[in-house]
Amino acid sequence: MTESGAGLTWRLLNRHPDDIVVAADGEPVPPAWAWGGASGQGVRVCVVDSGVEPGHPRVGPVDGSWAAVSDGTRITVQETEPGDAYGHGTACAGIIRRVAPDCALYSVRVLGEHGSGNGDMLLAGLRWAVRQNFDVVNLSLSTTRLRFLADLHAITDEAYFRRTLIVASAHNSPIESYPWRFASVISVGSHQEDDPDLYLYNPRPPVEFFAPGRNVEVAWLGGRTIRSTGNSFATPFVAGVCARILSKHRRMTAFQLKNALYLSAANVRVGTGGPS
Amino acid sequence: MIGDDVRAASAQDPLARELLQSVVDVARAIFGAQASSVFLLDEDAGELVFQAVSGRGERELVGRRFPRGRGVAGWVAASGEPMILDDLSDGTPFDREIAECTAYVPASLMAVPLIHRERAIGVLEVLDPVPQVRSSLNELDLLMLFARQAATALRVLVGSNERGEPRRLATAAPGEIQLGPAGLATALHLVESLHELLETSLST
């Protein structure tokens, strides 16, 4: 495990939107233009996590469920019965559904089969999801193991050029992990504001965006809800916003979408040039 | 796995048990919690084992096992991510085994992994911390800091060779860290030395 570098910001603590105002150049991109009136319809969002509980009222329909499965020598991704051993994937799916109610949701389970879970499973599931051309992949997981770094970097770059947006959660502790660290993904941490629809740009990346992640009501096992805290739950909020933007602007590339997120963030003030 | 070695040591040695008990006692005291538990992974059985408990369930839970593939502790062990559950007031069966054993369902909890060589060897949980530390990521960082200290103490407890292959203390070679009164005293000191720091941090 690699400890954090000095001064890096994993999440927004003890600071508020007015403390991190960002002056930006370019044409304004108001949220109304970016995603106003959009519901995520026609956009395919894949949750790479612990699975998704079927029939949960906060999640609604899940259009496909797969699982990374190891036979001891190789890992394949196979269609599976829907289900979630832990609740974490269900929680993420419920948040995406709240933000983008008409998107099509899919699940790839990379944790939970006999309690296993490792970087190999995460990598296999993520690679598979990217190559299915999902529009958005929510990844509220990461690995600290450096031996996966090159492969994860390659697959996130591949996603970027395929127009599959990987929205990746920063680790819940200020330690280095992957793939959220890469510029080709959209990385998300938590802010502590009460507004459930507020997201912010972080002027001090590598975490690029902050979204609601404290005391969030989330779907959980058994059709229930709990309240939980963590970057895991900020990430699907941004994934849902991405789905809404894409449902309205189908030809956007990954870099265009990240720019739209940036210029629409509540703490970004778009000017008309001049000295910074 | 080091988790297996720690479990073996704690089963045989009262000082090893004292070390683990110290971990949960201190964690519970720091966060003003109703209970605190250390679970260790049994890799072969695919289970998590209640290895030490402080507070509610202390008598009933030590030695209990449940599949690593479910529950909050299972999630934390599998993902390596810490987690806060802020409100379980609707009776969500987050860890059914605890409820069945103790008839005690906490309203909130914090759970963090015990990491050794980039792998989770177990989980440290704090149940029903005092309200002012709930929902706070700052405190989650503190618990992670404490868990790191605890994992370090556990490493001292079992020792390891330079190839990174944990060995049982009974077979440790001369010159390596060995289980004994001095080593255990060091390990206990490692755990307890953080108490003052954390109390200071929480009060500021």
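Above: the structure in question.
Residues numbered from 1 in each chain as written. Chains lettered and ligands numbered in written order. Predicted model: local features only at pLDDT ≥ 70, side-chain atom pairs only at ≥ 80, totals over all residues.

Examining the interface of chain A and chain B
In step 1: Every contact between the two is made by 31 residues of chain A and, on the other side, 29 residues of chain B.
In step 2: The greatest single-element share of the side of chain A that touches chain B, amounting to four residues, is contributed by strand 16 (residues 225-229) of chain A.
In step 3: Split into classes, the residues belonging to the side of chain A that touches chain B amount to nine nonpolar, 17 polar and five charged.
In step 4: As judged from the three bridges shared by strand 16 of chain A and strand 4 (residues 83-87) of chain B, these two strands associate in the antiparallel manner. Of the residues in strand 4 of chain B, the one forming a bridge with Arg227 of chain A is Asp87 of chain B. (Contact = placed C-beta atoms within 7 Å. Helix = DSSP H or I, 4+ residues; strand = E, 2+ residues; numbered from the N terminus. Nonpolar A, V, L, I, M, F, W, Y, C, P; charged D, E, K, R; others polar. Pairing = 2+ DSSP bridges.)

Thoughts on unusual backbone geometry
Residues and elements named next belong to chain A.
In step 1: Cis peptide bonds are those with omega within 30 degrees of zero, and the linkage from Tyr178 to Pro179 qualifies with 15°.
In step 2: Here Pro179 is to be found in the loop between strand 11 (175-176) and strand 12 (186-191).
In step 3: Residues other than glycine seldom take positive phi values, yet Arg163 does so here, at roughly 65°.
In step 4: Tracing the chain through its elements places Arg163 in the loop between helix 4 (149-162) and strand 10 (165-169).
In step 5: Phi at Asn215 takes a positive value of approximately 55°, unusual for a residue other than glycine.
In step 6: Accessibility expressed as a C-beta count within 10 Å gives 18 for Asn215, which makes it partly exposed. (Buried ≥ 20, exposed ≤ 12 C-beta atoms within 10 Å, placed from the backbone.)

Details of the nonpolar core
In step 1: Core analysis: the largest hydrophobic core is formed by 142 residues, its most contacted members being Val45, Ile96, Val137, Val167, Phe209, Val238 and Cys242 of chain A.
In step 2: Considering each element in turn, this core owes the most residues, 11 residues, to helix 6 (residues 137-158) of chain B. (Core = buried A, V, L, I, M, F, W, Y, C linked by C-beta atoms within 7 Å.)

Details of the sheet that holds strand 15 (residues 216-219) of chain A
In step 1: Strand order across the open sheet formed by eight strands is 15(A)-16(A)-4(B)-5(B)-6(B)-1(B)-2(B)-3(B), with antiparallel pairing between neighbours. Edge positions in the sheet fall to strand 15 of chain A together with strand 3 (65-67) of chain B, since each has one partner strand and no second. Within this sheet the neighbouring strands show an average axis-to-axis angle of 30°, counted without direction.
In step 2: In terms of strand pairing, strand 5 (residues 109-116) of chain B meets strand 6 (residues 119-127) of chain B through eight bridges, oriented antiparallel. Within strand 6 of chain B, the residue paired with Leu114 of chain B across the bridge is Gly122 of chain B.
In step 3: Where helix 4 (residues 71-79) of chain B meets the sheet, its contacts fall on strand 1 (35-42), strand 2 (47-55), strand 3, strand 4, strand 5 and strand 6 of chain B, and the angle it forms with strand 5 of chain B comes to roughly 35°. (Axes fitted to C-alpha atoms, helices over the stretch in contact; angles between N-to-C directions.)

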